[in-house]
Amino acid sequence: MTERAHAAHAEGETGVWSGSWVAERLGVELAGDEALTGLLGLALRRNPKRAHLLVSNVLGKHVPQAPSVVYGHGVALGRRVRELLGAEAAEGAVVLGYAETATGLGHSVADGLGSAPYLHSTRRAVAGVARAGGFEESHSHATSHLLLPQDPALLAGDGPLVLVDDEFSTGNTVLNTIRALHERYPRKRYVVVALVDMRSPADAGRLDAFAGEIGARVDLVTTASGTVRLPPGVLEKGQELVARYEAPPVDPATEPTTEATTERTTEATSEARTERTAEATSIPASGPTGGSRGAASPGSVERVDLRWPHDVPDGGRHGFTAADRDRLESALPGMAARIADALPARARRVLVLGFEELMYAPLRLAQALEQAVGGDVDVRYSTTTRSPVLAVDDPGYAIRTRLVFPAHDDPADGPGERYAYNVAGAGFDAVIAVVDSAADTPALHAPDGLAARLAAHVPHVLLAVVPSYVPPASPAPQAPERPPMLPEPLRGPAFSSYAPDEVGWLLQDLSDVTLEAPTEEREEAIQSGGAHYAESLPVEYQPSEQYQELFHAALDSSAARLARAVGAVTEVVLTERSPRPVLVSLARAGTPVGVLMRRWARFRHGLDLPHYAVSIVRGRGIDANALRWLADHHDPADVVFVDGWTGKGAITRELAAALRDFEASDGVTGFDPEIAVLADPGSCVRTYGTRDDFLIPSACLNSTVSGLISRTVLRADLVGPHDFHGAKFYRELAGADLSPAFLDAVSARFPDVTESVDAHVKELLSADRTPTWEGWAAVERISEEYGIHDVNLVKPGVGETTRVMLRRVPWKVLARAGAGADLDHVRLLAEQRGVPVEEVADLPYTCVGLIHPQYTRGATGADGKAVTL
């Protein structure tokens, strides 16, 4: 196959459908509008348990496409939305696009709509910019979205909100978004826009039902619609297929030649050749700033100065207004001319390559370049991506080649691989790589970086850097008027079984409210987007006699290890954070740890440290009223937030984001977002007692090891704007309470571990404890490998796995091969609930719990036990 033919097919120009390779081998069928096969191809994720991936031919993400085609599809959708709304309503509309895939599509829809301002969600936190909200994307490898508008009023109007994504598959993302925004900024009308509507018949009615629930109108506008039909056994077939193409190429000289082996030999060898080509050692990037037509040498990397207007944002991360659009339109011809001048004279096929969320600016530059060069140059557009996809060099497969390179924008979730698809071997004479200035880092120019990867496969690489827009600093807002007096902390024995001096609960008592719901009902509501997990409580698990025996055995065997970790983390806090810290536990798992840290400080140093427990809720943040109470009574700089352990680090991120929001809203500074934990197996924090993933017995039980307090509750009808979050005190479980016994058993070992604590602390204080976020990376990998595609359903570590078994609908447990007694209680719970335990080699945690990824009540049998998909 020639490079030109290869490139043509990658864009659907050879007459061969780019989904035929997968369809023929897996029996997958796209059913629906005739336009579907023109809009979509098929590929496989690099994942043996994921059957297929829809690949858009017109989005400009994985498949290089003419920029006029990509932009035209978005603008056409925007015009249809304008017709639907009418001119008057369209003037008051706001457009919201999804990161990372639909940032450019959403912006194009806003252009077609008219003068509508545009905002896209982002996974890049920006210092000094407060969140206006956030939500979770259930079917993505990277799920958490932030909304960071420069003007918070952008989302506060009552006009229509237009939500834009590339694909409308289940509706979960849209439901999560609308629910989260409607709570803060209610409005009467929403319009959902996507290139394709691929919902199953079961999902088709959910949007209308949800609209009726919130009392708003929700319309849907798409280019085409259909569904994916999957035959029985498709997952197993996909697993075998991916395993074949991940395997080393077959040597035809040593294997008998049959029709089947010939096909495998040819295709597997082609795949291996493609992988080697795409990931070969590249020519180092070099070259001075500037350049002129024909000045570059083959394999070189040169900069082209766009002269991007200083007053035009690089995209919609912080909002993009009609005035911004006008200024950009005026500047585009000049920027395109500068790119054209820098191209080599003989370039006939050129790719403008955007960067992850930075899709719109490269798209418009590509479109302007397309117009500037006319028919002399074939201009294409695509972008890099976080999404891992298998590459197969076959005419009927959507992803022909891939380039792999490290992230180069210092992402908040840590380092990781990034990809550019269908670039290598596609016959491009030149590539213009467009990045923002935040991504113009040494990693971009490293020998294995994007610039060098491109230079290894394309004769001429131009680097165009767009200034990363950061909203100008503004004076800290005045603190809002506060209620006359916030309530004093709740204390035992009136609230909790802890002694009154052990902890003060900055919570309200909801003990008289019925909040419990069966686990199956809660799981169905949570995963369907119908309810947030903090709006109800699971029914308290009542341990069997056998399970309680395991708890006591675990406590006996681990008490000294726990005492050593408690002593170590407390000493690190006293040395590095504050000589008299105010311990603030994240209720409820952090509370026993906070009590033990307080006891160690008294035992070893004679200190009587204040200790409180506050609520933090994933997706909703920390209790702002609790922060106000703490700021009124203590120096925020002395506050040390305490938790039991880290899993993938979601709460660590939630706390950091919530404190930024609180500083912006109340003008109170000084709270340190660094959490102190007993165990940090996820490598998410600097302050910890150990990074080992071992059994912490307080994770084995619920309220009966946590002072008889429930997990915290946040529900609008129960928690007002001047209330603390709520929780229940289960007084009726006093006979089964093991909270004092747990604390006393660990405290009793303090004298035995003093010397080992001193030695361990000395090692910790001299070690490099910089978080690596390897736990988060492992969770993302497991999410993809097991076809879950929602990191919120992957719970790593012994403690989190135990929570899955006690509170959620478990699917399976992954256990590190050879894991011992630390998992006895997990194995017992798994046996009782009919959950398979799968041993896995090289698992970074002792175990990982997987919540059922497609939960409905039908996902459990009549006896309530989990069923395998």
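These figures come from a predicted structure and were not determined experimentally.

### Things to note about the nonpolar core
And step 1. By size, the foremost hydrophobic cluster in this structure holds 141 residues, and its most contacted members are L44, V162, V193, L369, Y397, I432 and L454.
And step 2. If near-sequence neighbours (up to four positions away) are discounted, L369 is found in contact with A336, I339, A340, L343, V350, V352, V379 and I432.
And step 3. Membership of the second largest hydrophobic core comes to 108 residues, among which are A589, L701, V761 and W773.

### Some thoughts on the sheet that holds strand β31 (residues 837-840)
And step 1. Judged by pairing direction, the sheet is mixed, and its 4 strands sit side by side in the order β29-β32-β30-β31 without closing on themselves. Here the strands that pair on one side only, and so sit at the sheet edges, are β29 (794-796) and β31. Shown here is a sheet whose adjacent strand axes are inclined to one another by a mean of 20°, direction ignored.
And step 2. Across 5 bridges, the pairing between strand β30 (residues 810-816) and strand β32 (residues 847-851) is antiparallel. If you follow V813 over to β32, its bridge partner there is G849.
And step 3. Set on the sheet, helix α23 (residues 774-785) makes contact with β29, β30 and β32; between it and β29 the angle comes to about 140°.

### Details of the environment of V513
And step 1. Assignment of secondary structure puts V513 in the loop between β19 (508-509) and β20 (516-517).
And step 2. A relative accessible area of 25% places V513 in the partly exposed class.
And step 3. Here the alpha-carbon distance between V513 and L718, two residues 205 residues apart in the chain, equals 9.3 Å.
And step 4. Aside from chain neighbours lying at most four places away, what touches V513 is L718 and K728.

### Considering the sheet that holds strand β13 (residues 378-384)
And step 1. Strand order in the open sheet formed by 5 strands is β11-β17-β16-β12-β13, and the pairing between neighbours is parallel. Edge positions in the sheet fall to β11 (300-303) and β13, since each has one partner strand and no second. Neighbouring strand axes in the sheet, compared pairwise and without regard to direction, differ in orientation by 25° on average.
And step 2. Pairing between strand β12 (residues 349-355) and strand β16 (residues 430-436): 4 bridges, direction parallel. Residue pairing for β16: L351 is matched across the bridge by V431.
And step 3. Sitting on the sheet, helix α13 (residues 360-373) touches β12, β13 and β16, and the angle it makes with β13 is about 170°.

### Section: the environment of V798
And step 1. Structurally, V798 can be placed in helix α24 (residues 798-807).
And step 2. V798 sits in the buried class, given a relative accessible area of 0%.
And step 3. Linking V798 and P697, residues 101 residues apart in sequence, is a C-alpha distance of 9.8 Å.

### Comments concerning the packing of helix α7 (residues 172-184) against helix α9 (residues 206-214)
And step 1. Their axes nearest at 11 Å, the elements α7 and α9 cross at an angle of 10°. Accordingly, the angle class assigned to the pair α7 and α9 is roughly parallel. Side by side, α7 and α9 meet where N172, V174, L175, I178, R179 and H182 of the first sit next to R206, L207, F210, E213 and I214 of the second.
And step 2. A breakdown of the residues in the contact of α7 with α9 according to their chemical character gives 6 nonpolar, 2 polar and 3 charged.

### Brief notes about the pairing of strand β9 (residues 189-197)
And step 1. Summarising burial for β9: 9 of the 9 residues are buried, a large majority.
And step 2. When strand β8 (residues 161-168) meets β9, the two strands line up parallel, connected through 7 bridges. Note that in β9 the partner of D165 across the bridge is A194.
And step 3. You can see the chain leave β8, run along α7 and come back into β9, and the turn it takes is right-handed.
And step 4. Alignment of β9 against strand β10 (residues 217-229), held across 8 bridges, turns out to be parallel. When the sheet's bridge partners are listed, V192 is paired in β10 with L220.

### Looking at the packing of aromatic side chains
And step 1. One pass over the structure, following the stated rule, counts 12 aromatic pairs.
And step 2. Plain terms: the ring middles of W600 and F750 are 4.9 Å apart, the flat faces sit at 80° to each other, and that makes the pair edge-to-face. Of the two residues, W600 sits in helix α18 (residues 590-605) while F750 sits in helix α22 (residues 750-766), which places them 150 residues apart along the sequence. Exposure class is identical for W600 and F750. Each is buried.
And step 3. Both rings, one in F641 and one in F671, keep their centres 6.2 Å apart while their planes meet at 45°; by these two values the pair is tilted. Here the residue F641 occupies a position in strand β25 (residues 639-645), and F671 occupies one in the loop between α20 (650-666) and β26 (676-679), the gap between them amounting to 30 residues.
And step 4. Pairwise contacts between aromatic rings join F495, Y498, W505 and F729 into one cluster.
And step 5. Taking the ring centre of W773 as reference, the NZ or CZ of R653 above it sits at 4.6 Å.

### What about the confidence of the model for the chain?
And step 1. This prediction gives the chain a mean pLDDT of 82; 84% of its residues lie at or above 70.
And step 2. Note on residues 1-12: pLDDT under 50 across the span, and 36 contacts to partners over four residues away in sequence or across chains.
And step 3. Confidence drops under a pLDDT of 50 for residues 136-143, and excluding neighbours within four residues, the segment shows 38 contacts in the predicted structure.

How each quantity is defined
Residues numbered from 1 in each chain as written. Predicted model: local features only at pLDDT ≥ 70, side-chain atom pairs only at ≥ 80, totals over all residues. Heavy atoms only, no water. Core = buried A, V, L, I, M, F, W, Y, C linked by side-chain atoms within 4.5 Å. Buried < 20%, exposed > 50% of the residue type's maximum accessible area, 1.4 Å probe, protein only. Contact = heavy atoms within 4.5 Å. Pairing = 2+ DSSP bridges. Helix = DSSP H or I, 4+ residues; strand = E, 2+ residues; numbered from the N terminus. Axes fitted to C-alpha atoms, helices over the stretch in contact; angles between N-to-C directions. Parallel < 35°, antiparallel > 145°, perpendicular 65-115°, else oblique. Nonpolar A, V, L, I, M, F, W, Y, C, P; charged D, E, K, R; others polar. Right-handed = clockwise from strand over helix to strand, strands pointing away. Phe/Tyr/Trp six-rings, centres within 6.5 Å; stacked < 30°, edge-to-face > 60°. Lys NZ or Arg CZ within 6 Å of the ring centre and 35° of its normal. pLDDT = per-residue confidence, 0-100.

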